[in-house]
Amino acid sequence: MEWSIHPSIRTALPEGLGFVASIIIWRSCTKSYKQHMLMNIEQTRLIEKNNSLQTLAVQDPLTGLLNRIRFVDLVRAQLHKQNNKEASILIIDIDFFKHVNDQFGHPAGDQVLKDLSAMLMRYFPPPSLSARLGGEEFIIFLPNTHIKQARQLAEMLRENIATFPFSYKHHTIHITASFGIAQATHSFQHSYSKADQALYIAKQNGRNRVVVIST
């Protein structure tokens, strides 16, 4: 027995299949597009996370200065290239910084550290290197700078720190700082130790002063 198909069905069938096929293709394309977008978003997040980790590896997160590890690596590389040219290392310590935190709070102390770091970057632009050693202590590497010149720069900075009105909200905060300076030799550790020794002498002799030790 032969079945016959009504003409209207014959004409409607391809159109119906085309519509269904279009829906399937549209859904497939939409799904693919969403997956592509999600992959792009995830890739962007990974790139941002990687950049953030790279930044943390070289920068102090609070002040934006170099961190200690990166600073030491860069200075050692510079000293290796110096070929006995004059250079200086300068260590700065804020005097009685605990009093700032105790009197005004730690957020105020953090703001002072940020503002002082900005001051250091203005005073010692590249090729100088500035870093936060930790807490309220900072270190500067001055290439092609004799310790006499480094002392003059330190005295100017010390005076400006002592007179600068650091502020947090409605508070005005006054601080002073002590400085230790030493000539940068081929050995960073030796130079650092000498500058740290000079800083210790500055603190023992009343603070708010600059002390130089010749290596």
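Note that the structure is predicted; figures quoted are calculated from it, not measured.

### With respect to the side chain of Thr 63
Secondary-structure assignment places Thr 63 in the loop between helix H1 (7–58) and helix H2 (68–82). Of the polar contacts made by the side chain of Thr 63, one reaches the side chain of Asp 60; its length is 2.7 Å. A distance of 3.2 Å separates the side chain of Thr 63 from the backbone nitrogen of Leu 65, its partner in a polar contact. Dropping the residues within four chain positions of it, Thr 63 is found in contact with Leu 113, Ser 117, Met 121, Arg 132 and Phe 138.

### Brief notes about the pairing of strand E1 (residues 87–94)
The buried count for E1 comes to eight of eight residues, which makes it a mostly enclosed element. Burial of E1 is two-sided: the residues Ala 87, Ile 89, Ile 91 and Asp 93 facing one way and the residues Ser 88, Leu 90, Ile 92 and Ile 94 facing the other way are all buried. In terms of strand pairing, E1 meets strand E6 (residues 177–183) through seven bridges, oriented antiparallel. When the sheet's bridge partners are listed, Asp 93 is paired in E6 with Ser 178.

### What to know about the pattern of salt bridges
Within this structure, the stated rule accounts for four salt bridges. Salt-bridge contacts for Asp 102 lead to Lys 98; the nearest nitrogen and oxygen are separated by 2.7 Å. A residue pair is termed a helical-turn pair when its members lie 3 or 4 positions apart in one helix, as Asp 102 and Lys 98 do in helix H3 (residues 97–104) at four residues. Comparing Asp 102 with Lys 98, the two get one shared label, exposed. With its nearest N and O atoms 3.0 Å apart, the salt bridge here joins Arg 158 to Glu 155. With Arg 158 and Glu 155 both in helix H5 (residues 147–163), this residue pair falls three residues apart, about one helical turn. We classify Arg 158 as buried; its relative accessible area is 15%. On the accessibility criterion, Glu 155 (24% relative accessible area) is partly exposed.

Conventions adopted
Residues numbered from 1 in each chain as written. Predicted model: local features only at pLDDT ≥ 70, side-chain atom pairs only at ≥ 80, totals over all residues. Heavy atoms only, no water. Helix = DSSP H or I, 4+ residues; strand = E, 2+ residues; numbered from the N terminus. Polar contact = N/O pair within 3.5 Å; in protein donor to acceptor, adjacent residues only side chain to side chain. Contact = heavy atoms within 4.5 Å. Buried < 20%, exposed > 50% of the residue type's maximum accessible area, 1.4 Å probe, protein only. Pairing = 2+ DSSP bridges. Salt bridge = Lys/Arg side-chain N within 4 Å of Asp/Glu carboxyl O.

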